[in-house]
Amino acid sequence: MSAAPGGSTRASSAPGRAAWRRPGRAAPAGAPAPRRRGGRWLSLARLSLGQQMLLLAVLPATLAMMGAIGVLMRQYLDGMTDLVRANAQAVGLQLATAAQAPLAQTDRRALLRLAHSGISQPHVQQVQVWSDDGEILANAETQDRVRGEGLRVVVPVPAADARPLAGQVMVEMGLDAVASARRTVWLNVLLALGASLLGVILAAGWAARRISAPIRRLARAVDRLGAGEEAHVQIEGAAEVRRLQHGFNATAHALAEGRRLLQSRIETATAELARKNAQLEVASQAKTRLLAAASHDLRQPLHALTLFADGLANGETDAGKLQRIAHIRECVESLDRLFLELLNLSQLDAGVLQPQWADFPLDSVFDEISRNFRPVAEQQELRLVVRKTELWVRCDQVMLTRVLSNLVSNSLRHTVHGGVLVAARRRGRGVRVEVWDTGIGIAPEHQPRVFEEFYQVDPQQSRGTRGMGLGLATVQRLARLLNTRAELHSVPGQGTRVRMLVRAAHPPAQAGARPVRGPARPPPLALAPPVGDVRLDGLRILVIDDEAGILEGLQVALGASGATVLAAQCRDEALALADAWAAPPDVVVSDLLLRAGDNGLAVLAALRQHPRGIGAGTACLLVTGETQPERLREVAAAGVAVLYKPVSPRLLRQAIQAQVAARSGQPAREA
């Protein structure tokens, strides 16, 4: 730092030096960052077209008017200053002329009087008379008004002798007139500027609205066009705008024509799709009716064949005849499995199967699988391993059992060596149930389709009877009802694994607690295969069927088990028996469809209303070959236990005994 002459200090570098830095050198720390132009253009882009036009009209006009007014005001004020200076010069010349004699005589009093006469002039604030060597000989100042800024003029006083100057007269004129004129000018300028700006704004606004109005209407038409409406704009405005409007109208017309054409095609395609859907629906209903009718008509004689085959075996000791009867039973069982697959599909199509959620130990399902399929596995010289588990699940026990039964049955049918494994393991909040086999496997190209209805990979490679390709399809549809899906992984020649994930449940805290079940479900899909035969000694059974052959077969099959059988072919015969019996029967076994459009549910209701009819102590059982969806829903809504034809006599006797035991609370008796 270096000291200034007056005692102040300053920096060694000039403050304006930073402005002369060469390009490319970094700016000093703390310097404000340069503003980007994009922000300015972005702010302008946010304005509407009319606002931009108004801004472009007002801003140049304002700048031009302010520049012109500034120049004119500067000239006016400079003129006023020159006028004051000329006035001061004139006063000074007058005083200089009058001061020649007093200066020559150095008469201070005369000079003072002269000075006082000078300040009496308008706007004169001070008058001084100087000698030729600069001495102030006389000084007069205004005392009666506030002294403001002034303009000084020095006029020389010529000498009468040989000297160049006798002295000088200084006159100071006040600039209050100039200040007053400046204020007046500023006020007038502001008024004129405001009026001019108002006029410019009004004119520019009118012009902007007139120019932008067609464009705004065009923008609204574009919005309507984008919303799918028809749009048209009136041709107006400047030549460029008119050209744009012509182009828009042509484009809108083309789009409208294209939209109408597309709408027509869509309507045609929709109508065609609806027609094909109707045809498919009719075909599907016809297929359902055909399957139901064929299934019902074939189940009737098959059911009678089952009953008579059992009757032939009763008391028969000839080995050849017993072998032929066994072959008949095998054929009947094979047909029964095929009809059962159709029945399962019909029940799923009818929507009568709805999951009844309950918490139960998974091992109870595994035990049932082991009991039902271990004899089949041993007969085929295969191993069936069902691992014990302590896991509980929240699921539908009947549906889960049916799924695993289908999977195990399918695995045993396609396994030649080795065996089948059923296991479960915990996976997060769920339980993964898996069925493994060492069978022939499934080729990769067939795996995506094995869960389709009626799809079979190679029926010749399966052992035993051929199916219809509905087993795995039923598994997948039941899995969907259980909010899960069956996943398949198979390696040809090594085996197949099918797994599904079900929701885990917590076992009850108290030991030996029963599973927590949901509401009571409709009658089950099918009864498990009977382990042993049962006796019906002492039971009085009323059988109702419109087929004489089936009625005779039921009398033979049930009578051979020790039951007293009453037979009726219609409602009138059943009510006639009710008029004559001393006590109602223990069990009523009825077909669903009877003669003249009557059905077993209506006959059961009529027997309950008969004065000597059946009551709460009589067990009821329906045996039907019907598979139509509406009939299945009707049976499910009635809440009556049902068996689907053909029914083996052993299974029928087991079902009757189970119904009687449920009524009386006694366990079933095995023979």
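A quick note: this is a predicted structure, and the numbers were derived from the prediction, not measured.

## Here we look at the overall build of the protein chain
- What the protein chain contains, in helices and strands, is 15 helices and 18 strands.
- Split into buried and exposed, the 671 residues of the protein chain put 38% on the buried side.
- Carbon and sulfur atoms provide 56% of the accessible area of the protein chain, an area that totals close to 38,700 Å².

## A few points about the sheet that holds strand S6 (residues 165-174)
- Read from one edge of the open sheet, four strands run S4-S3-S6-S5, paired in antiparallel fashion. With partners counted over all chains shown, the strands left at the sheet margins are strand S4 (136-141) and strand S5 (150-158), one partner each. Put simply, the sheet's adjacent strands are angled 15° from each other on average, direction ignored.
- On the sheet, helix H4 (residues 108-119) packs against strand S3 (124-131) and S4 and is oriented at approximately 30° with respect to S4.

## Side note on the nonpolar core
- Of all hydrophobic cores here, the largest spans 40 residues; its most connected members are Val393, Leu404, Leu407, Val408 and Val431.
- Sorting elements by how many residues they give to this core places helix H9 (residues 397-413) first, with seven residues.
- Sequence-distant contacts of Val431, defined by excluding residues within four places in its chain, comprise Leu362, Leu391, Trp392, Val393, Ala424, Arg425, Arg426, Met500, Leu501, Val502 and Ala504.
- Among the nonpolar cores identified, the runner-up in size contains 29 residues, and Val155, Met173, Val178 and Ala181 belong to it.

## Examining the packing of helix H12 (residues 571-580) against helix H13 (residues 600-609)
- Here H12 crosses H13 at 25°, and the two axes come no closer than 10 Å. Classified by the angle between their axes, H12 and H13 sit roughly parallel to one another. Seen from above, H12 lies across H13 with right-handed handedness. Residues Arg571, Ala574, Leu575 and Ala578 of H12 lie in contact with H13, whose contacting residues are Ala602, Val603, Ala606 and Leu607.

## Quick word on the packing of helix H11 (residues 548-559) against helix H15 (residues 649-664)
- Where H11 meets H15, the closest approach of the two axes is 10 Å, and the angle between their N-to-C directions is 70°. As judged from the angle between their axes, H11 and H15 are roughly perpendicular. The two elements H11 and H15 cross, and the hand of that crossing is right-handed. Between H11, through Leu554, Ala557 and Leu558, and H15, the contact on the second element is made entirely by Pro649, Leu652, Arg653 and Ile656.

## Quick notes on the sheet that holds strand S14 (residues 540-544)
- Pairing in this open sheet of five strands is parallel, and the strands run S15-S14-S16-S17-S18 from one edge to the other. Pairing within the sheet leaves two strands with one partner each, and these edge strands are strand S15 (564-568) and strand S18 (641-644). Sheet twist, expressed as the average angle between the axes of neighbouring strands with direction ignored, equals 20°.
- Pairing analysis gives four bridges linking strand S17 (residues 619-624) to S18, with the strands arranged parallel. Bridged to Leu622 within S18 is Val642.
- Each of S14 and S15 touches H12; the most contacted strand, S15, lies at about 135° to it.
- The sheet contacts of H13 involve S14, strand S16 (587-590) and S17, and relative to S17 the element is tilted by about 160°.

## Some details on H9
- With 17 residues, H9 extends 24 Å from end C-alpha to end C-alpha; this agrees with the ideal 24 Å at 1.5 Å per step.
- Most of H9 sits inside the fold, with twelve of its 17 residues counted as buried.
- Here H9 has its buried residues at Gln397, Met399, Leu400, Thr401, Val403, Leu404, Ser405, Asn406, Leu407, Val408, Ser411 and Leu412.
- Between a side-chain oxygen at the N-terminus of H9 and the backbone nitrogen of Val398 the separation is 3.1 Å; the capping residue is Asp396.

## A few points about the side chain of Arg497
- Mapped onto the elements of the fold, Arg497 is located in strand S13 (residues 495-505).
- Although buried, Arg497 forms no salt bridge, and the nearest oppositely charged side chain, Glu434, lies 5.1 Å from it.
- Leave out the neighbours within four places in its chain, and Arg497 touches Glu434, Val435, Trp436, Glu487, Leu488 and His489.

## Side note on H4
- The end-to-end C-alpha separation of H4 is 17 Å, in line with the 16 Å expected for twelve residues at 1.5 Å each.
- Of all the residues in H4, the buried ones are Ala110, Leu111, Leu114, Ala115, Gly118 and Ile119.
- Capping of H4 at its N-terminal end is provided by Asp107; its side-chain oxygen lies 3.4 Å from the backbone amide nitrogen of Arg109.

## A few points about the pattern of salt bridges
- Inspection of the entire model under this criterion finds 15 salt bridges.
- Across the pair Arg260 and Glu230 runs a salt bridge, and its minimum N-O distance is 2.8 Å. One end of the pair, Arg260, is in helix H6 (residues 239-313); the other, Glu230, is in the loop between helix H5 (176-226) and H6, with 30 residues separating them in the sequence.
- The partner of Glu487 in a salt bridge is Arg499, with the nearest N and O atoms 3.2 Å apart. Placement of the pair is Glu487 in strand S12 (residues 487-491) and Arg499 in strand S13, with a sequence separation of twelve residues.
- Residue Glu487 is classed as partly exposed on the basis of its relative accessible area, which comes to 33%.

## Points about the pairing of strand S11 (residues 430-437)
- Taking burial as the measure, the eight residues of S11 include six buried ones, the bulk of the element.
- Sheet topology places strand S10 (residues 419-427) next to S11; eight bridges connect them, and they run antiparallel. Paired with Ala424 across the two strands is Val433, which belongs to S11.
- Connecting S10 to the antiparallel partner S11 that follows it, the hairpin turn spans two residues, and Gly428 within it adopts a positive phi of roughly 65°.
- In the sheet, S11 pairs with S13 via eight bridges, with the strands oriented antiparallel.

## Observations concerning a positive patch on the surface
- A cluster of basic side chains, namely Arg209, Arg216, Arg220 and Arg224, defines a positive patch on the protein surface.
- Within the secondary structure, Arg220 sits in helix H5.

## Observations concerning the environment of Arg74
- Here Arg74 shows up in helix H2 (residues 49-98).
- Judged by its relative accessible area of 52%, Arg74 falls in the exposed class.

## Concerning the layout of surface pockets
- Each pocket or cavity is described by its volume, and for the second largest pocket that value is around 150 Å³.
- In terms of lining, the second largest pocket is formed by Trp357, Arg394, Cys395, Gly430, Leu482, Asn483, Thr484, Leu501, Val502 and Arg503.
- If you list the elements that add at least two residues to the lining of the second largest pocket, you get strand S9 (392-395) and S13.

Parameters and conventions
- Residues numbered from 1 in each chain as written.
- Predicted model: local features only at pLDDT ≥ 70, side-chain atom pairs only at ≥ 80, totals over all residues.
- Heavy atoms only, no water.
- Helix = DSSP H or I, 4+ residues; strand = E, 2+ residues; numbered from the N terminus.
- Buried < 20%, exposed > 50% of the residue type's maximum accessible area, 1.4 Å probe, protein only.
- Areas by Shrake-Rupley, 256 points an atom, 1.4 Å probe, with all protein chains shown as cover.
- Pairing = 2+ DSSP bridges.
- Axes fitted to C-alpha atoms, helices over the stretch in contact; angles between N-to-C directions.
- Contact = heavy atoms within 4.5 Å.
- Core = buried A, V, L, I, M, F, W, Y, C linked by side-chain atoms within 4.5 Å.
- Parallel < 35°, antiparallel > 145°, perpendicular 65-115°, else oblique.
- Left-handed = near helix turned anticlockwise from the far one by under 90°.
- Expected span 1.5 Å × (residues − 1).
- Polar contact = N/O pair within 3.5 Å; in protein donor to acceptor, adjacent residues only side chain to side chain.
- Lys, Arg positive; Asp, Glu negative; His and termini not counted.
- Salt bridge = Lys/Arg side-chain N within 4 Å of Asp/Glu carboxyl O.
- Patch = residues over 30% accessible without salt bridge, like charges linked within 9 Å, V, L, I, M, F, W, Y side chains within 5 Å.
- Charge placed at Lys NZ, Arg CZ, Asp CG, Glu CD.
- 1 Å grid on protein atoms, 1.4 Å probe; cavity = no way out; pocket = protein on both sides within 12 Å on 5 of 7 lines; lining within 4 Å.
- Points joined across faces, edges and corners; volume = space filled by probe spheres on them.

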